[in-house]
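Fold and geometry: a report
One letter stands for each residue in the lines below.
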Amino acid sequence: MGTATAIMSIMNSSRILARSSVWKDSKRLFSSSLVRRKALENWKRPSIEELGVPAESWQTVFAKNQSRFNIHLLGGVGFFGLTLLAAYNTVPTNNTPDFVHKTGFVTTMPKDEELLTAEAPTETESVDEVDVEEPVQVAEEPVSRGRQGT
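Fair warning: this is a prediction, and the values are worked out from it, not measured in the lab.

The rules we used
- Residues numbered from 1 in each chain as written.
- Predicted model: local features only at pLDDT ≥ 70, side-chain atom pairs only at ≥ 80, totals over all residues.
- Heavy atoms only, no water.
- Helix = DSSP H or I, 4+ residues; strand = E, 2+ residues; numbered from the N terminus.
- Buried < 20%, exposed > 50% of the residue type's maximum accessible area, 1.4 Å probe, protein only.
- pLDDT = per-residue confidence, 0-100.
- Expected span 1.5 Å × (residues − 1).
- Polar contact = N/O pair within 3.5 Å; in protein donor to acceptor, adjacent residues only side chain to side chain.

1. Remarks on the overall build of the chain
Per the secondary structure count, the chain includes 5 helices and 0 strands. The order of α-helices and β-strands along the chain, N terminus first, is α-α-α-α-α. Within the span of the chain, comprising 150 residues, buried residues form 1% of the whole.

Listed below in structure tokens is the structure:
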């Protein structure tokens, strides 16, 4: 008895939904041929006979358009170059700080020419030969570091 009642209530609710104005209004939104929803009165789709005949050759129109487009391209590239130049001259980049120039600190290695032309030190220290009192002895038996006698 419970399932029959549930089926009847579902059928009644679907009939009520089908008769309601909300359901009918939502159906209207899907159609596109309503007269009152048109943007223009007495509008019809244009036909091929209404299209105009070209007055000029397509080559001359194409050449004229390409020359105009090339002028725009050159103007844009030139303006971009001027913008880069102005930005390079005005925007401070991460340069070497001023105090480094004042102290004379240099971070580059000297070139080979600078090393060759640099004066040799006038006074050099000499190292006397040191006599070795005990020569190194070679061990004949290996030394084991583990437990002995196991």
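On we go.
2. Re the confidence of the model for the chain
Counting all residues, the mean pLDDT for the chain is 77, and 67% of those residues have values of 70 or more. Mean pLDDT across the elements of the chain ranges from a minimum in helix 2 (residues 21–30), with 57, to a maximum in helix 3 (residues 58–90), with 97.

3. Topic: unusual backbone geometry
Located in the positive-phi region is Asn42, a residue other than glycine, with phi close to 55 degrees. Structurally, Asn42 is set in the loop between helix 2 and helix 3.

4. Some remarks on helix 3
Under the 1.5 Å per step criterion, the end-to-end length of helix 3 is 48 Å for 33 residues, consistent within 8% with the ideal 48 Å. A side-chain oxygen of the first residue of helix 3 lies 3.2 Å from the backbone nitrogen of Gln59; this N-cap is Ser57.

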